[in-house]
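Residues per chain are reported as follows:
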Amino acid sequence: MSAAAGPDAERAFTRLYEEHRPAIHGFLLGRAGDPETARDLLQETFLRVWRSLDAVLDLPVERRRSWIFAVARNLVIDVRRGQAVRSGAMAALARTASETVPAGDEPPARAELAERLALLDGAIRDLPEPLRIALSMCTVGGLTSAEAGELLGEPAGTIRYRLSEARRRLAAALEEAS
Amino acid sequence: MSDLDELLDLWAESSRLTEPEAASMLAAVILAPEPALDPAWWQDLMGRVSGLVVQVATMPEAARAAMVLPALA
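Residues numbered from 1 in each chain as written. Chains lettered and ligands numbered in written order. Predicted model: local features only at pLDDT ≥ 70, side-chain atom pairs only at ≥ 80, totals over all residues. Heavy atoms only, no water.

Our next topic: the nonpolar core. Counting 57 residues, the largest nonpolar core has Phe13, Leu28, Phe46, Leu120 and Leu170 of chain A as the members making the most contacts within it. With 9 residues, helix H1 (residues 7-32) of chain A is the largest single contributor of residues to this core. When near neighbours in sequence (up to four residues on either side) are disregarded, Phe13 of chain A contacts Phe46, Val49, Trp50 and Leu53 of chain A together with Leu26, Val29 and Ile30 of chain B. (Core = buried A, V, L, I, M, F, W, Y, C linked by side-chain atoms within 4.5 Å. Buried < 20%, exposed > 50% of the residue type's maximum accessible area, 1.4 Å probe, protein only. Helix = DSSP H or I, 4+ residues; strand = E, 2+ residues; numbered from the N terminus. Contact = heavy atoms within 4.5 Å.)

In structure tokens form, the structure reads like this:
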């Protein structure tokens, strides 16, 4: 499948991309633990989807996300751990500080928020991987516990426990830092 | 909403792709060139061809002559 496949294929692919990108990105972010690596893997995942578009579209709609998720999971396995690039996280945090803080905030408040976000980011990186994946899939990916559990092959209750444990640890880390 | 909820929302927001980033990724995927020939496949083919050439070059003349199809002789 390629650009020569035509506008119908592009439209179908764009729908898949828009529908499943957040969930897959959430998983990759949690799994890779590094924003830059997660983006590279996300792009590679959808490149493979594009090149296998006919096969994906032949699947029942409810199985497509699992198929794409399997591609993403296999890609992550190929990536060596320990490639986390600190600068990627810092760039994201800098963007957060400059774009998400209300414009009327005084500089000290903005700096304090950026500092707390940096603390949170560090604490998320330090979470055990299963907790980080659950957190990322449900916050960044916008999935429910049941949806995340279905993709990960875990009961929804397990995901809920991991979310709760992740929040407990993050709250403790923030509390300890302040 | 607790302080942690608020921070997590900001963290999630900063982690998501912006619309331009998502559009740029989509374009990069759709416009990506087709993959080149698989290097492993090419290497395997060349290995087989080289082996065949060596085999034919080192076989006795009579055996080599016997390989020629009558129609092509």
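Residue and element names in this part refer to chain B. Confidence in the prediction of chain B, expressed as mean pLDDT, is 82, and 85% of residues score 70 or more. Within chain B, the lowest mean pLDDT, 77, falls on helix H4 (residues 61-67), and the highest, 95, falls on helix H2 (residues 19-30). If you check the scores for this complex, the pTM reads 0.72 and the ipTM reads 0.77. (pLDDT = per-residue confidence, 0-100.)

Moving on: the environment of Leu8 of chain B. Residue placement: Leu8 of chain B occurs in helix H1 (residues 3-15). Here Leu8 of chain B falls in the buried class, since its relative accessible area comes to 5%. For Leu8 of chain B, the residues in contact, after removing those within four places along its chain, are Leu120, Ile124, Leu135, Arg167 and Leu170 of chain A.

On to the packing of H1 of chain A against H2 of chain B, then. Their axes nearest at 11 Å, the elements H1 of chain A and H2 of chain B cross at an angle of 135°. Taken together, the axes of H1 of chain A and H2 of chain B are oblique relative to one another. Like other packed secondary-structure pairs, H1 of chain A and H2 of chain B cross with a definite hand, here right-handed. Facing Glu10, Phe13, Thr14, Tyr17 and Arg21 of chain A of H1 of chain A, the residues of H2 of chain B in contact are Ala22, Met25, Leu26, Val29 and Ile30 of chain B. (Axes fitted to C-alpha atoms, helices over the stretch in contact; angles between N-to-C directions. Parallel < 35°, antiparallel > 145°, perpendicular 65-115°, else oblique. Left-handed = near helix turned anticlockwise from the far one by under 90°.)

This part takes up H1 of chain A. For H1 of chain A, the principal kink sits at His20 of chain A and spans about 50°; a proline, Pro22 of chain A, occurs within the next four residues. Phi turns positive one or two residues past the end of H1 of chain A, at Gly33 of chain A, with a value near 75°. (Bend = angle between axes of the 7 residues up to and from the residue.)

Turning to the pattern of salt bridges, a few remarks are in order. Residues and elements named next belong to chain A. In total, this model carries 13 salt bridges over all chains according to the counting rule given. The salt bridge partner of Glu44 is Arg48, with a shortest N-O separation of 3.1 Å. With Glu44 and Arg48 both in helix H2 (residues 35-51) and 4 residues apart, the pair spans about one turn of that helix. Arg168 is paired through a salt bridge with Glu165; the nearest N and O atoms lie 2.7 Å apart. Taken as a pair, Arg168 and Glu165 lie in helix H9 (residues 156-177) at a separation of 3 residues, close to a single helical turn. Overall, Arg168 belongs to the partly exposed group, its relative accessible area being 49%. The class of Glu165 is buried, set by a relative accessible area of 11%. If you follow the salt bridges from partner to partner, you end up with Arg31, Glu129 and Arg132 in one network. (Salt bridge = Lys/Arg side-chain N within 4 Å of Asp/Glu carboxyl O.)

Opposite the 25 residues of chain B that make contact, chain A presents 35 residues. Buried area between chain B and chain A, both sides added, is near 2900 Å², and the carbon and sulfur share of it is 67%. On the chain B side of the interface with chain A, the three residues burying the most area are Trp11, Val29 and Ile30 of chain B, jointly 24% of the side's total. Across the chain B-chain A interface, the total number found is 3 salt bridges. The residue Arg39 of chain A makes a salt bridge to Glu21 of chain B at a minimum N-O spacing of 3.0 Å. Put simply, chain B and chain A have 7 residue pairs in polar contact (both at pLDDT 80 or more) between them. Looking at the side of chain B that touches chain A, the elements with two or more residues in it are H1 and H2 of chain B. Here the side of chain B that touches chain A takes 11 residues from H1 of chain B, the largest share from any one element. In terms of residue class, the side of chain B that touches chain A is built from 16 nonpolar, 3 polar and 6 charged. (Buried area = accessible area lost by both parts, 1.4 Å probe. Polar contact = N/O pair within 3.5 Å; in protein donor to acceptor, adjacent residues only side chain to side chain. Nonpolar A, V, L, I, M, F, W, Y, C, P; charged D, E, K, R; others polar.)

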